[in-house]
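Working through the structure, step by step
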Amino acid sequence: MSSKEQNLPNPGADEISIVDLIPALRAFARTFCRVPDDADDLVQETLTKGLANLDKFEPGTRLKSWLFTIMRNTHYTRIKAAAREAPGLLDCASGRPISEPSQDWSVQSREVHQAVQKLPSHQREVLMLIGVLGVSYEETAEICGCAVGTVKSRLNRARAGVLEYLGERSPQTLIERRNQLSDGHWDAESGRR
């Protein structure tokens, strides 16, 4: 047993908690990284930093929020380093898919993903934390380092932005369009199925 493990009150419980958070960390990493391998690398780096600095974790606070904050800071540090070291890397043609999917649901999923990616990073981050991962407004505010009111405002603007990018006027019309596509009905406005 290492000296670090001896200093922890219950090392097994901390390790289990971190392992249990890996799926949530992967989901959050996908908000930052479009390529799944890059997201996995970000998760690995986050876990490495988290375990290396476990002695700095304050008992009584949320481990999930702490790791999300580490991930967020790690991502932004990577962006700054990449901007200095490899300009133009984000526009590389090798990161584009070879053939596009043809299924309606794949197309719609891609459209929503592209709409989310067009949002400013602070809005995309809040949308993913609250809308996808189910993190509370308070935890999101803590992770993003802003007030709860700012989180609510960013979330509202993110939802409106996604609808705008999709050419929808309200969330209800988006749901109706999705139902029409899945039922095989013709979309009267665009003349397509």
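What this report covers is the structure whose coordinates are included nearby. These numbers were taken from a predicted model, which means no experiment stands behind them.

1. Looking at the packing of aromatic side chains
For any two aromatic rings, the description comes down to two numbers: the centre-to-centre distance and the angle of the planes. Counting across every chain of the model gives 4 aromatic pairs. Relative to F32, the ring of F28 has its centre 4.9 Å away and its plane inclined at 70 degrees; by these criteria the two rings are edge-to-face. On the criterion of helical spacing, the pair formed by F28 and F32 is a turn pair, its members being 4 residues apart in helix 3 (residues 22-32). For F28, a relative accessible area of 0% corresponds to the buried category. Among the aromatic residues, those joined into a ring-pair cluster are F28, F32, F68 and Y76.

2. Quick notes on the packing of helix 3 against helix 4 (residues 36-52)
For the pair helix 3 and helix 4, the least separation of the axes is 8 Å and the interaxial angle reads 125 degrees. Taken together, the axes of helix 3 and helix 4 lie oblique to each other. Pair helix 3 / helix 4 crosses with right-handed handedness. Contact residues: I22, L25, R26, A29, R30 and F32 in helix 3; P36, A39, D40, L42, V43, T46 and L47 in helix 4. Within the contact of helix 3 with helix 4, the residues separate by chemical class into 9 nonpolar, 1 polar and 3 charged.

3. Notes on helix 3
Regarding helix 3, the residues found buried are A24, L25, F28, A29, T31 and F32. Projected onto a plane normal to the axis of helix 3, the buried residues spread over an arc of 145 degrees and lie on a single side.

4. Thoughts on the pattern of salt bridges
In total, this model carries 5 salt bridges according to the counting rule given. The partner of K49 in a salt bridge is E45, and the shortest N-O contact between them spans 3.5 Å. Taken together, the residues K49 and E45, both in helix 4 and 4 residues apart, mark about one turn of the helix. Taking the relative accessible area as the measure of exposure, K49 reaches 32% and is therefore partly exposed. A salt bridge links R72 to E125; the nearest nitrogen and oxygen atoms lie 2.7 Å apart.

5. So, the nonpolar core
Formed by 38 residues in total, the largest nonpolar core has its most connected members in L25, L67, F68, M71 and L129. Per-element tally for this core: the top contributor is helix 5 (residues 63-85), with 6 residues. Apart from residues no more than four positions distant in its own chain, L67 is found in contact with I18, L21, L25, T46 and G50.

6. Quick notes on the environment of I22
By secondary structure assignment, the location of I22 is in helix 3. Sequence separation of I22 and L47 is 25 residues, and the distance between their C-alpha atoms is 8.6 Å.

7. Focus on the packing of helix 7 (residues 121-132) against helix 9 (residues 148-165)
One can describe the packing of helix 7 onto helix 9 by two numbers: an axis separation of 8 Å at closest approach and a directional angle of 95 degrees. Judged by the inter-axis angle, helix 7 sits roughly perpendicular to helix 9. Between helix 7 and helix 9, the contacting residues are H122, Q123, V126, L127 and I130 on the first element and V151, R154, L155, R157, A158, R159 and V162 on the second. Here the residues of the contact of helix 7 with helix 9 are counted per class, giving 7 nonpolar, 2 polar and 3 charged.

Conventions adopted
- Residues numbered from 1 in each chain as written.
- Predicted model: local features only at pLDDT ≥ 70, side-chain atom pairs only at ≥ 80, totals over all residues.
- Heavy atoms only, no water.
- Phe/Tyr/Trp six-rings, centres within 6.5 Å; stacked < 30°, edge-to-face > 60°.
- Helix = DSSP H or I, 4+ residues; strand = E, 2+ residues; numbered from the N terminus.
- Buried < 20%, exposed > 50% of the residue type's maximum accessible area, 1.4 Å probe, protein only.
- Axes fitted to C-alpha atoms, helices over the stretch in contact; angles between N-to-C directions.
- Parallel < 35°, antiparallel > 145°, perpendicular 65-115°, else oblique.
- Left-handed = near helix turned anticlockwise from the far one by under 90°.
- Contact = heavy atoms within 4.5 Å.
- Nonpolar A, V, L, I, M, F, W, Y, C, P; charged D, E, K, R; others polar.
- Arc of directions from axis to C-beta.
- Salt bridge = Lys/Arg side-chain N within 4 Å of Asp/Glu carboxyl O.
- Core = buried A, V, L, I, M, F, W, Y, C linked by side-chain atoms within 4.5 Å.

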